[in-house]
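Structural characterization, general
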Amino acid sequence: AAPKLGIVYDAGGKFDKSFNQSAFEGASRFKKETNIGFIEVQASSDTQAEQVLRGLARKNLDLIASIGFAQTQAVAKVAKEFPKVRFVLIDGVAQGANVNSITFKEEEGSYLVGVAAAMASKTKKLGFIGGIDIPLIRTFACGYAQGAKAVDKKSEVFQNMVGTTAAAWNDPAKGGELARSQFERGVDVVFAVAGGSGMGTLQTAKEKGKLSIGVDSNQNSLYPGSVLTSMVKRVDNAVYDAFMQVKDGKWQAGVTAKGLKEGGVDWALDEHNRKLITPEIEKKVLGVRKDIIDGKTKVIDYRVSNSCPV
Amino acid sequence: MNNNDLPRWATAFVLPVLNLMSALLVAALVIHLLGEDPVDSMRILINSAIVNPEGLSYTLFYASTFIFTGLSVSIAMQAGLFNIGSEGQMYFGGLGLTLAMLALDASLPWWLLIPCGIAGAALFGALWAFLPGYLQAKRGSHVVVTTIMFNFICASLMNFIIVKYLIPPGEQNTASRVFSAAAEMPRLNTWFPVLGDTPLNVSFLLAIAALAVYGVMVWRSAWGYKLRATGLNKHAAHYAGVKISSMIIIVMLISGALAGLGSVNSIMGSTHYLSLNFVGGAGFVGIAIALMGRQHPVGIFLSAVLFGALIQGGFDLSLEKPNIPTETFIFIQGLIILFCGAMENFYAPVIGKLLRAKG
Amino acid sequence: MNFEDLHLGSILVSTVRNAPVLIFAAMAGLFAERSGVIDIGLEGKILASAFVSAAVAFATQNPWYGVAAGVAISVALATLQGYVSITQKGNQLVGGIAINIAMSGLTFVVAQFFFQQGGRTPDLGQARLFDVVLPGSAAVADLPFIGWLYTKLIGGHSVLVYLAFALVPLVHWVLYHTRFGLRLRACGENPHAADAAGVSVEWTRYKAMIIAGVLCSFSGAYLAIVQSGFFLRDMSAGAGYLALTAMVFGNWRPVYTFLGCLMFGFFGAVQIQIEGVDLPVVGRLPGSLIQMVPYVVTVIVLAGLMAKSVAPKAIGVPFVKSR
Amino acid sequence: MHPAVEFRGISKQFGAVKANTDVSFAIAKGAIHGLVGENGAGKSTLMSILYGYYRADSGDILLDGQVQPIHSSHEAIRLGIGMVHQHFMLVENMTVLDNVMLGAEGGFQLASQRAGVEARLREICARYRLDVDPLATIHDLSVGAQQRVEILKQIYRSANILILDEPTAVLTAQETASLFEILRLFKEQGKTIILITHKLQEILDITDTVTVMRGGRVVGAVETARTSKEELANMMVGRPIENNLPRAPYKPGAPVLEVRDLELKDDNGVTLLNKLNFTLRAGEIVAIAGVSGNGQSELMEILSGMRLPTSGQADFQGKPLPYGKRHDPDGLPREFRELGIGHVPEDRLRDGVVKNFSVMQNTFFGYQDKVKNRWGLIDFKGIAARCAGLLREFDVRPANPDLRIGLLSGGNQQKVVIAREVLAGPKLMLVGQPTRGVDIGTIESIHTQLLALRDKGVAILLVSVELEEVRALADRILVMCGGSITGELKIEEFDTTRIGLLMGGMHKS
Ligand SMILES: Nc1ncnc2c1ncn2[C@@H]1O[C@H](COP(=O)(O)OP(=O)(O)OP(=O)(O)O)[C@@H](O)[C@H]1O
Ligand SMILES: Nc1ncnc2c1ncn2[C@@H]1O[C@H](COP(=O)(O)OP(=O)(O)OP(=O)(O)O)[C@@H](O)[C@H]1O
Ligand SMILES: [Mg+2]
Ligand SMILES: [Mg+2]
């Protein structure tokens, strides 16, 4: 029989222009290919996450995908109560024999786009715009800066955060304003990791004739000719794979960290940014990519010691 | 037209029910336009928020927090102060509670630990309200402005504290560690298993007690009398010997403490850890609840339950009816506030006419 | 030393660019509140007009239709608020808050219904309002200071920015030097006196609400079709409340209110600039703490410098003919 | 010739209260017409109907023989009706000029008109000898001046029918006299004037005809020349009014209050009270006479603890009042009250009561900490029992303890305040303007209460601008002018002219 599947988004909701949306896309791809549907819910608070996980678990679902680190504790708790139900947790690590925790090596993907940015930049001044100042966002920033400095030690990275409340993910005006301010300080490539606010950043870059870098999904097509590349984080693949594995009976619990090697993160090169990526840049980025995959280049994860080397 | 002309039963029951119906009617229209069956939707909504014991239990769980934030806004309003800062005060109260837990949860038994958490929440909530209160009393700085500012400041500060100090090493989640089991507020389902596996806990009883204390203090005590006099006529209050500036500071401290207590339900009663943005707008909902409930204990209780029911029912409904996004219920909340809170007398002329025609 | 290095230039330009959202909304609030109606519903009106402006601009591919539609929805909401506060004599705070909450939900639901992009409207592309290039910009662009002043600070903004700045003297004039303004202020201070002088309090307040609706809509339009180029759920991000703060801060007077708006804009820009910079004495402040700069400054200014703010006396009280 | 105004069968009901019942009478053109009656008789209601503020349930108003449906003040103004309300209808934070222009602006643009209007106002002021600065802000003006602004407004609008609702309640004798001068000027110009007042002497002084109302009905209409105070009083109250109330012989006891070098300066350093010295003994009423705004209010505020003096001291029963080293008077009134100082404030609506509290809740206002039961809560049972007696004893009408006090007439609100302060058993009683706006029947009962208090040995300090009242109550009189005491008289020496001179600041002892 077809497996019963569920997906629980966190407070950002499935249209957050970020990992929730990516998860939704992965699940949708699965549905399209297999014709197997899934239940989807948004949990707006941590309490609700527990409530909805338990509610779904009671329906004896085969797999519940929990999106976002905010559900970590809820997954850990409910997974213990329902050992027969399988859980996949995105972006967080929860213990349990029936839990597969998937994290991403955001630093690796960010490193790549940092390399690309530093090479594309004429001023060697790069911008980074994050949503809220939290370790996850810092990880992006840190990887990005490492990549940039690897290309040119003197390159500078300007960092700004949009805000400190949930509104920070939905404030494109501020996202755009931060970009403008960075441009005025000489920045010519900006990496936006700020959900909906990042849309304002990309838009402003386009308007000001500067380069931007998208995040999570491939945002190259939003402003072709202006989006240098995107740091894709394949939450969609993670969800898709998990659903597929359950369908095929190959699902396994555990903790997976998906980096470049595992196809969890990557940079995006397609027809929309083909013209921006010179052969030089492409060669360099691909080289670095290979080095990271081979373990020759180590990218430091901000979260390990809560500090960034550069 | 004045609703004083209507008998009490009409203003207390008929009008609110008509207003609620109107709001739901508009809501039904929107649900219909979204392509779902309004009648069926309402049935699901009511069933999962009120009828089903587990749903009701969740409704009351959400209501418990709202009662505290509603009380927080209400008590300040009694003194003529519009405290928009309950959001930040509850957030900061959560910090107080968490610090107490992190320090003590390994060493104290539950019956000492829980009071410590409650005290920490109240203390920090009050602390966060102190400065706006002080500035209003001594410097005349408008409390509306300062409390809005303090909400923003609190968000930044908490962001900083949580990220920098409270996240356990190696964790992704922007939250403190989980407290020990001793720090869990006893759940009501231990005594009433019918409530199911829900977080409804002793905080609900505390909320009810707070409502009662609030009612007695405001309307029966000399302090409440002075409080209301201050809110209604500052000149007269001064004449009557009220120390206006200490009254303002004290009432803001109480208001902040009440808001802080809202975090007890959310944290000790449910998640058992402090996370970023855990307040999630409960402080702002408190404003709506205080206004809709007319700063009256019964009114606050009913409004809080109504909002709790909307969250719980709406959540279940969006699960069953995928075409209805959760945001629809935010819209419906707005409608209910509009009809029941602001246009309370909309039907008074009609009812008045009907009554007169009859008798 | 190069002027641009100071970053002050960048801060000033950013201030000018950010202030209009607040200025429009604060001036809207000023009209409503000087007439005696508390307008805590600015946020909802901004959001609604931002959505409608963006949606209509996209559908018609003409930003001006978008602006017009934004005006229409905002005026409709203001009228509803007026009906609740003036005719129904309901609680004005409740009415405003209801509108804020309802619009936060409704704009998402409708945007999602029509565009299926998660509560976002499609990108406006060419249907945005673009920046005005002042005549002669090219000629002076390279001059030191003057070039910056003319092309960046004064020039190079959207029409709505100029409208916002022009609005301040206009509002001042209307409020203090016209018949309507006199009546408006009288209704906000002592509606009984206005009524006894033969002024229709209700009608004056309705007019004030309608003007508030119009002005507020520009705030939303500016957000959506100038600054962002699309609508996004909850994109007003508290601008309505900040505008209200600026107004209280400015003692319900147009010029001071305007200064309050500039102050928010200015310290917002300062905050952007000092993020990640090593400051004297304190060193490098963490980003999350820097976010509080504008708010801390406001509290300090309010507590330290300002005299007591005096609200219009009759504010929030429905006009009922009896004592 | 048609009468200027004619009421035909006007009735108006508020809820269950019949404010006006079948009121009919006419007022001739060019006449000054008096309208008298007890508090709550329906005078203001009737005038509000004429001015379009309320609409009558039935009946017609005829102006110049024409039935005129007056739906709004706007329309009344258009028909040439002007009204000076009992409570001033002025916007406090605006200038006189703007207040006059409000509703009578010449066009959309004001800036260009202001100069012209200002010139006209100056001209009017000169002609009618009104002392008003058009550019002054209202809240800086004394009550008398605000009253003149109201008059100015009506002259500017050239009202033909002028309604004055208790205009003299807050005026001094001189101010009243000059108001009457203006009214006579109006009359000469053929304007019709309706004057409501509780002071029967004024009716006799200035009106041509009088209508008396009681319980919403017209109970009498007479020509002024053919009537007397006694007859009018009798018609109003339904019984004769006693003018000379009985009092025990003057036997002052020990000093209760000794004021020494009391001084008050405002924030700008302007002297408001100038080294006051006086003594008040048990069992005497000392009245402070003077034009309002000469420091009486400030003195009362200081003695009741609502305000701190700049220097000097006041001894109460031999001990200095605790002004101490305070920075603000927060909470001080309570300490004073506990010492035994009662205070009937001048502005009862601002200070004396909370309008939204019930009558009963206002009966212990200021004494809230003394009415606790053993649980520490307010003892509502005991209060209710006490309240019923109080309402009866002080004849508060309606004697409904649960009514919002704001709904009571001013006179009845005043009775509640006086009852509250009297029953607290003070040793010193500060009384400010106790009968402002109160009808003659009520005045009689308030005066009786105050005298009884004196006879019980309480020291009473009375501030009143009514010389009649001063004469009726005082044992000794202090006259204040410009913050100084300009003279002292015994009651036997009472002499209106001399007091008038002292009030004007002429030292002549
Ligand atoms: N707005 C109102 N609502 C309800 N009842 C009212 C209202 N105004 C007046 N009344 C009633 O009408 C009666 C007449 O009141 P009105 O103000 O006309 O008296 P008045 O003769 O002017 O008294 P006073 O001498 O105190 O000014 C009052 O007894 C009162 O009960
Ligand atoms: N809103 C109201 N509802 C009911 N009765 C009212 C209302 N307003 C006034 N009244 C009544 O009108 C009468 C006169 O009221 P008014 O305010 O004119 O008092 P007043 O005696 O003239 O007091 P003062 O002149 O000192 O203000 C009172 O009997 C009072 O009960
Ligand atoms: Mg009257
Ligand atoms: Mg009166």
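Rules used in this analysis
- Residues numbered from 1 in each chain as written.
- Chains lettered and ligands numbered in written order.
- Predicted model: local features only at pLDDT ≥ 70, side-chain atom pairs only at ≥ 80, totals over all residues.
- Heavy atoms only, no water.
- Contact = heavy atoms within 4.5 Å.
- Buried area = accessible area lost by both parts, 1.4 Å probe.
- Salt bridge = Lys/Arg side-chain N within 4 Å of Asp/Glu carboxyl O.
- Polar contact = N/O pair within 3.5 Å; in protein donor to acceptor, adjacent residues only side chain to side chain.
- Helix = DSSP H or I, 4+ residues; strand = E, 2+ residues; numbered from the N terminus.
- Nonpolar A, V, L, I, M, F, W, Y, C, P; charged D, E, K, R; others polar.
- Donors = N, O, S within 2.8 Å, 3.2 Å for Na, K, Ca; no water.
- Expected span 1.5 Å × (residues − 1).
- Buried < 20%, exposed > 50% of the residue type's maximum accessible area, 1.4 Å probe, protein only.
- Arc of directions from axis to C-beta.
- pLDDT = per-residue confidence, 0-100.

Side note on the interface of chain C and chain B
Counting residues at the interface gives 42 residues for chain C and 38 residues for chain B. Counting the surface lost from both chain C and chain B, the interface buries some 3600 Å², and carbon and sulfur atoms represent 80% of this. The residue Arg233(C) makes a salt bridge to Glu327(B) at a minimum N-O spacing of 2.8 Å. Where chain C meets chain B, there are four residue pairs in polar contact (both at pLDDT 80 or more). Elements that contribute at least two residues to the side of chain C that touches chain B include exactly helix H3 (63-87), helix H4 (92-115), helix H11 (239-249), helix H13 (287-290) and helix H14 (293-304) of chain C. When the residues that make up the side of chain C that touches chain B are grouped by side-chain class, the tally is 28 nonpolar, 12 polar and two charged.

What about the coordination of the magnesium ion (ligand 4)?
Residues and elements named next belong to chain D. Within the first shell, the magnesium ion (ligand 4) binds the protein through Gln86 (NE2) and Glu166 (OE), at distances of 2.1 to 2.4 Å. Taken as a pair, the magnesium ion (ligand 4) and the magnesium ion (ligand 3) show a spacing of 3.9 Å, with Gln86 coordinating each metal. Placement of the pair is Gln86 in the loop between strand E6 (81-84) and helix H3 (96-101) and Glu166 in the loop between strand E7 (161-165) and helix H6 (173-188), with a sequence separation of 80 residues.

Quick notes on the interface of chain B and chain A
If you look at the interface, chain B gives 30 residues, while chain A gives 31 residues. Together, the buried faces of chain B and chain A total about 2600 Å²; carbon and sulfur atoms form 47% of this surface. For the chain B face of the interface with chain A, the top three residues by lost area are Gln172(B), Phe315(B) and Leu319(B), together amounting to 27%. At the junction of chain B and chain A, the tally comes to two salt bridges. Taken together, chain B and chain A are joined by 12 residue pairs in polar contact (both at pLDDT 80 or more). Looking at the side of chain B that touches chain A, the elements with two or more residues in it are helix H3 (53-78), helix H6 (143-166), helix H10 (244-271) and helix H12 (297-320) of chain B.

What to know about H6(D)
Residue and element names in this part refer to chain D. The first and last C-alpha atoms of H6 sit 23 Å apart over 16 residues, in line with the 22 Å expected at 1.5 Å per residue. Considered for burial, the residues of H6 that qualify are Glu175, Thr176, Leu179, Phe180, Ile182, Leu183 and Phe186. Taken down its axis, H6 places every buried residue within 160° of arc, on the same side. Structurally, H6 contributes buried residues whose contacts are with strand E3 (32-37), helix H4 (111-128), helix H5 (143-156), E7, strand E8 (192-196) and helix H7 (200-206).

Focus on the coordination of the magnesium ion (ligand 3)
The protein atoms that coordinate the magnesium ion (ligand 3) are Ser44(D) (OG) and Gln86(D) (OE1), at distances of 1.8 to 2.6 Å. We classify Gln86(D) as partly exposed; its relative accessible area is 28%.

Considering the confidence of the model for chain A
Predicted confidence across chain A gives a mean pLDDT of 93, with 100% of residues reaching 70 or more. Per-element confidence in chain A ranges from a low mean pLDDT of 88 for helix H10 (residues 302-305) of chain A to a high of 97 for strand E8 (residues 189-193) of chain A.

Remarks on unusual backbone geometry
With an omega of -5°, the peptide bond between Arg397(D) and Pro398(D) qualifies as cis. Tracing the sequence through the fold places Pro398(D) in the loop between helix H13 (380-393) and helix H14 (410-423). One non-glycine residue, Asn35(A), lies in positive phi territory at about 65°. Along the polypeptide, Asn35(A) turns up in the loop between helix H1 (19-34) and strand E2 (38-42). Even without being a glycine, Asn277(B) presents a positive backbone phi close to 55°. Take Asn277(B): it is sitting in the loop between H10 and helix H11 (282-292). Overall, the relative accessible area of 26% leaves Asn277(B) in the partly exposed class.

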